[in-house]
Amino acid sequence: MAENFEPRLNNDSLLLAGVSDLADAYTRLSAAGDPQRRGKDFEHLLQRAFQLAHFEVELNPRIAHPRQTDLSARYGDHRYLLEAKWQAAKADMDVLGGLRDRLRRTSADVVGVLVSISGFTGTLIEEISRERQTPILLVDQEDLLGALREPTTLPGLLRAKHEALITHGQVHLGESRRAHAATRRPDRALPLRDLHLRDAGGEQHPYLTVPGGFAPVVFATAVTNVDWSFGRGRGMCIDIPPSKPILQMT
């Protein structure tokens, strides 16, 4: 008589798992026959991935009390409330409504994150792109697999999704990015360049060459004045001394 076997993750061993083990743990979860047990293990898997990405993570927090929440995560000044779904059907408006209800019970600076292995309905995606007062970021299976293979990409992934949603009203999903990358663009369709290289005399060049090591050449399309951000931000500060005194004191 064959024994029924359902893969079960040991939460203690999962907490000790390294980066390379997370994708394997996900594969074992995919074979689990008990959806309820798999859901709990899935939450622990997400918790470990965010921990490896240096988030402060709490499982089943009281951030939206009395509504139960799967995870809360903080990375610097960015705070996230995560809802994880692993079900046969795509996440639809009822799932979105539940997450929005939880977000209404939290601080206004908390961003919602909805993780769905089966993806999302078109209605849900359109609703999120249209109603951005309370931003909610969508993470599909393709996004998740990339994060499990390399958890350090999680902060950048969430920032990019947030920026695309708030600035352009676009919902970026890993599945659509993969499909776009698989479509080769003919050489004749390459976009025309709108930037040109010119030397100090104004002459245009197809490229520039500089010697190795330190060189007095900086390539940038924008320069951020980090002096005003008190040690935060990215960019570079260029101090150019005037050739003549600007103000003379007598």
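Calculation notes
- Residues numbered from 1 in each chain as written.
- Predicted model: local features only at pLDDT ≥ 70, side-chain atom pairs only at ≥ 80, totals over all residues.
- Heavy atoms only, no water.
- 1 Å grid on protein atoms, 1.4 Å probe; cavity = no way out; pocket = protein on both sides within 12 Å on 5 of 7 lines; lining within 4 Å.
- Points joined across faces, edges and corners; volume = space filled by probe spheres on them.
- Helix = DSSP H or I, 4+ residues; strand = E, 2+ residues; numbered from the N terminus.
- Nonpolar A, V, L, I, M, F, W, Y, C, P; charged D, E, K, R; others polar.
- Pairing = 2+ DSSP bridges.
- Buried < 20%, exposed > 50% of the residue type's maximum accessible area, 1.4 Å probe, protein only.
- Arc of directions from axis to C-beta.
- Contact = heavy atoms within 4.5 Å.
- Axes fitted to C-alpha atoms, helices over the stretch in contact; angles between N-to-C directions.
- Right-handed = clockwise from strand over helix to strand, strands pointing away.
- Phe/Tyr/Trp six-rings, centres within 6.5 Å; stacked < 30°, edge-to-face > 60°.
- pLDDT = per-residue confidence, 0-100.

Looking at empty space enclosed by the protein
Over the atoms, a rolled probe matching the size of one water molecule traces out where space is still vacant. Tallied over the full model, the rule gives two cavities of 30 Å³ or more. Approximately 80 Å³ is the volume attributed to the largest cavity. In terms of lining, the largest cavity is formed by Leu-46, Ala-49, Phe-50, Leu-82, Val-113, Val-115, Val-139, Leu-144, Ala-147, Leu-154, Leu-157 and Leu-158. Secondary-structure elements contributing two or more residues to the lining of the largest cavity are α3 (35-52), β4 (110-116), α6 (141-149) and α7 (154-168). For the lining of the largest cavity, the per-class residue count stands at twelve nonpolar, no polar and no charged. Lining the second largest cavity are Ile-136, Leu-137, Leu-138, Lys-161, Leu-165, Gln-170, Val-171 and His-172. When residues of the lining of the second largest cavity are traced back to their parent elements, those giving at least two are β5 (136-139) and α7. The biggest single contributor to the lining of the second largest cavity is β5, with three residues. Along the lines of polarity and charge, the residues of the lining of the second largest cavity split into five nonpolar, two polar and one charged.

Quick word on the pairing of strand β2 (residues 71-75)
Here strand β1 (residues 56-59) runs beside β2; their pairing, made up of four bridges, is antiparallel. Directly across from Val-57, in β2, lies its bridge partner Ala-73. As defined by bridge partners, β2 adjoins strand β3 (residues 78-85) across five bridges and the pair is classed as antiparallel. Considered in β3, the bridge of Ala-73 is made with Tyr-80. Taken together, β2 and the strand that follows it, β3, pair antiparallel across an intervening segment of two residues, in which Gly-76 is found at a positive phi of about 65°.

A word on helix α5 (residues 122-130)
Count 3.6 residues to each turn of an α-helix, and residues three or four apart come out pointing the same way. Buried within α5 we find Leu-124, Glu-127 and Ile-128. For α5, the angular spread of buried residues about the axis comes to 95°, placing them on one side. Elements that come into contact with the buried residues of α5 comprise α4 (93-104), β4, β5 and α7.

Side note on the sheet that holds β4
Strand order in the open sheet formed by five strands is β1-β2-β3-β4-β5, with mixed pairing between adjacent strands. Of all strands in the sheet, those bounded by a partner on one side alone are β1 and β5. Adjacent strand axes in the sheet meet at a mean angle of 20°, parallel and antiparallel pairs treated alike.

Here's the deal with unusual backbone geometry
The phi dihedral of His-54 falls on the positive side, at around 70°, and the residue is not glycine. Examined against the element boundaries, His-54 turns out to sit in the loop between α3 and β1.

Observations regarding the pairing of β5
Because side chains alternate across β5, one face comprises the buried residues Ile-136 and Leu-138, and the other comprises Leu-137 and Val-139, equally buried. As paired strands, β4 and β5 are joined by four bridges and run parallel to one another. Paired with Val-113 across the strands is Leu-137, a residue of β5. In this region the chain leaves β4, passes through α5 and returns to the parallel neighbour β5; the handedness of that crossover is right-handed.

Re the packing of aromatic side chains
If you walk through the whole model with that rule in mind, you get five aromatic pairs. On the basis of an interplanar angle of 80° and a centroid distance of 5.1 Å, the ring pair of Phe-42 and Trp-86 is categorised as edge-to-face. With Phe-42 in helix α3 and Trp-86 in the loop between β3 and α4, this residue pair connects regions lying 44 residues apart in the sequence.

A look at the packing of α4 against α5
In contact at an axis separation of 9 Å, α4 and α5 are set at 35° when each is read in the N-to-C sense. Facing α4, whose interface residues are Met-93, Leu-96 and Arg-100, α5 presents Thr-123, Leu-124, Glu-127 and Ile-128. Here the contact of α4 with α5 is composed, by residue class, of four nonpolar, one polar and two charged.

Focus on the confidence of the model for the protein
Per-residue pLDDT for the protein averages 77, and the proportion of residues at 70 or more is 66%. Across the protein, the secondary-structure element scoring lowest on mean pLDDT is helix α1 (residues 11-15), at 51, and the one scoring highest is β5, at 95. Taken together, the stretch residues 1-7 has pLDDT below 50 and engages in six contacts with residues farther than four places along the chain or on a different chain. Predicted confidence is poor over residues 246-250, with pLDDT under 50, and the contacts of this stretch with residues over four places away or in other chains come to zero contacts.

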